[in-house]
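# Secondary and tertiary structure notes
Below, each chain spelled out in residue letters.
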Amino acid sequence: SRNGVIWADGDTKFDANGEITSRNCVLYGHNWTNCWRPVRIGNPGDVMFAQLTAYHYREFANAYPYIWYSTDAEEMKWVIFAVFYTDIGFNYIEPNPGDEQFMEIVNGARSRSRHNFDVEVTTSDKILTLSTCTRAYGASDQQRFVVMARLLREGEQVKAITVTDNPNPVLPSL
């Protein structure tokens, strides 16, 4: 496709059956059509990760707090815990962090998140990171919009999630 493809970080690990074994499954996708503000929602011309930036709006995050992601090996449900703008200086893309770095990524994402989600994340969880380009803070190509979610735990069910505004998110340094 001239729009590119959705791709996993080269260091993300999968087993022989295609099951994700990395703690942080990082997926990238282009955003050719919805890079600037105001972010639009539901435009049929938006492709790849262009609608990811709809999570800029709390109402959208409230309506869609889960991500369904499938591989040949598994059907997975993930609950969103952070959505944020960042510069590339924040290392949220490490697929196989140790416990300390894992929690630095989670806490760094939460501090940057436009919204607060009532979702717990611990070192025993796996996370999914969806990353796309943005120009929301000017022409720099050093900024990203990111949605992070954790895999539902065994026996955990889909339920309503409370999403509130974060009054003071850490913004990109551009």
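Attention in this report is confined to the structure presented alongside it. A quick note: this is a predicted structure, and the numbers were derived from the prediction, not measured.

### Some remarks on the sheet that holds strand 1 (residues 7–8)
Read from one edge to the other, the open sheet built from six strands follows the order 1-2-6-7-4-3, with strand pairing classed as mixed. The open sheet has two edge strands, strand 1 and strand 3 (66–70), and neither has a second partner. Where strand 6 (residues 127–133) lies against strand 7 (residues 143–151), seven bridges are found, and the strand directions are antiparallel. Counted as the bridge partner of Ile 127 is Arg 150 from strand 7.

### Quick look at the side chain of Asp 125
Assignment of secondary structure puts Asp 125 in the loop between strand 5 (115–117) and strand 6. A polar side-chain atom of Asp 125 sits 2.7 Å from the main-chain amide nitrogen of Thr 122. A polar contact is formed between the side chain of Asp 125 and the side chain of Arg 153, at a distance of 2.8 Å.

### Regarding the packing of aromatic side chains
For any pair of aromatic rings, the description consists of the separation of the ring centres together with the inter-plane angle of the planes. Inspection of the entire model under this criterion finds nine aromatic pairs. Relative to Phe 90, the ring of Phe 84 has its centre 5.9 Å away and its plane inclined at 55 degrees; by these criteria the two rings are tilted. Arranged with centres 4.8 Å apart and planes meeting at 65 degrees, the rings of Tyr 85 and Phe 145 form a pair that is edge-to-face. Here Phe 145 lies in strand 7 and Tyr 85 lies in strand 4 (residues 75–87), a separation of 60 residues in the sequence. Overall, Tyr 85 belongs to the buried group, its relative accessible area being 3%.

### A short note on the pattern of salt bridges
What the rule picks out here adds up to seven salt bridges. Where Arg 40 meets Asp 46, a salt bridge forms, and the shortest distance between an N and an O atom there is 2.7 Å. Note on Arg 40: relative accessible area 33%, which makes it partly exposed. Asp 46 sits in the buried class, given a relative accessible area of 11%. In this structure, the salt-bridge partner of Arg 153 is Asp 125, at a minimum N-O distance of 2.8 Å. Here Arg 153, found in the loop between strand 7 and strand 8 (163–165), pairs with Asp 125, found in the loop between strand 5 and strand 6; they are 28 residues apart in sequence, far enough to count as distant. In this structure Arg 153 comes out as partly exposed when scored by relative accessible area, which is 28%. Salt bridges linked by common partners bring Arg 58, Glu 59 and Asp 165 together as one network.

Thresholds, definitions, all that
- Residues numbered from 1 in each chain as written.
- Predicted model: local features only at pLDDT ≥ 70, side-chain atom pairs only at ≥ 80, totals over all residues.
- Heavy atoms only, no water.
- Pairing = 2+ DSSP bridges.
- Helix = DSSP H or I, 4+ residues; strand = E, 2+ residues; numbered from the N terminus.
- Polar contact = N/O pair within 3.5 Å; in protein donor to acceptor, adjacent residues only side chain to side chain.
- Phe/Tyr/Trp six-rings, centres within 6.5 Å; stacked < 30°, edge-to-face > 60°.
- Buried < 20%, exposed > 50% of the residue type's maximum accessible area, 1.4 Å probe, protein only.
- Salt bridge = Lys/Arg side-chain N within 4 Å of Asp/Glu carboxyl O.

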